[in-house]
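Residues per chain, in single letters:
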Amino acid sequence: MPARMRNGTKMDLIARVPLFSALSKNERGQVASIADEIDLPADKLLIREGEPGREFFVLLEGEVDVRRKGKKLATRRSGDFFGEIALVSSLPRTATVTTLGPVRALVIRDVDFRALLKRTPGIAVKVLEAVADRLPADTV
């Protein structure tokens, strides 16, 4: 079993996620504290299109297949992330994600993230600004 990552490394990965890029070091540390490191087997269904989302993933090692309506959209690799919409909305999943081989990932559950936002409104404001920045121009 690989060694577990230090909190500082989690913070570095979290800083690369657009949703969290505006957070201070202290705020990234708070997000890192609710991120769990998990090991997953090959062919594990992580997200099913159309179902409610409950977690967000950052890939540490391995690859996942991303499909919509059965059509391959992408392969995500180490450093990539997916599922962030689940942290800030109750919208259904927009794609199905399955591991292609063994995967190590950070996972943040929506209930933990929402509790963090309630405790730290400064993080909530920055996350909302990041979500707004990602909206298409014609929706604003």
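Residues numbered from 1 in each chain as written. Predicted model: local features only at pLDDT ≥ 70, side-chain atom pairs only at ≥ 80, totals over all residues. Heavy atoms only, no water.

Chemist: Looking at this structure, how should I read the overall build of the protein chain?
Modeler: A count of helical and extended segments in the protein chain gives five helices and eight strands. Counting across all 140 residues of the protein chain, residues that qualify as buried make up 42%. Taking contacts inside the protein chain between residues at least 6 apart in sequence as the whole, the part at least 24 apart equals 73%. Split by element, the accessible area of the protein chain, about 7,900 Å² in all, is 53% carbon and sulfur. (Helix = DSSP H or I, 4+ residues; strand = E, 2+ residues; numbered from the N terminus. Buried < 20%, exposed > 50% of the residue type's maximum accessible area, 1.4 Å probe, protein only. Contact = heavy atoms within 4.5 Å. Areas by Shrake-Rupley, 256 points an atom, 1.4 Å probe, with all protein chains shown as cover.)

Chemist: Would you mind going over the packing of aromatic side chains with me for this structure?
Modeler: The geometry of an aromatic ring pair is captured by the separation of the ring centres together with the interplanar angle, meaning the angle of the planes. Applying the stated criterion to the full structure yields four aromatic pairs. With 5.8 Å between their ring centres and 85° between their planes, F20 and F56 make a pair best called edge-to-face. Of this pair, F20 sits in the loop between α1 (7-15) and α2 (25-33) while F56 sits in strand β3 (residues 55-61), and the two are 36 residues apart along the sequence. Comparing F20 with F56 shows no difference in burial state: the two are buried. Through a chain of ring-to-ring contacts, three or more aromatic side chains come together here, namely F20, F56, F81 and F113. (Phe/Tyr/Trp six-rings, centres within 6.5 Å; stacked < 30°, edge-to-face > 60°.)

Chemist: Would you mind showing me how to read the pattern of salt bridges here?
Modeler: Pairing is possible between side chains that carry opposite charge, provided their charged atoms lie close to one another. Using the criterion set out here, one finds ten salt bridges in the structure. The shortest N-O distance in the salt bridge between K72 and D65 comes to 3.3 Å. Judged by relative accessible area, K72 falls into the partly exposed class, the value being 41%. Overall, D65 belongs to the buried group, its relative accessible area being 8%. It is possible to trace a salt-bridge network through shared partners that takes in E37, E61 and R104. (Salt bridge = Lys/Arg side-chain N within 4 Å of Asp/Glu carboxyl O.)

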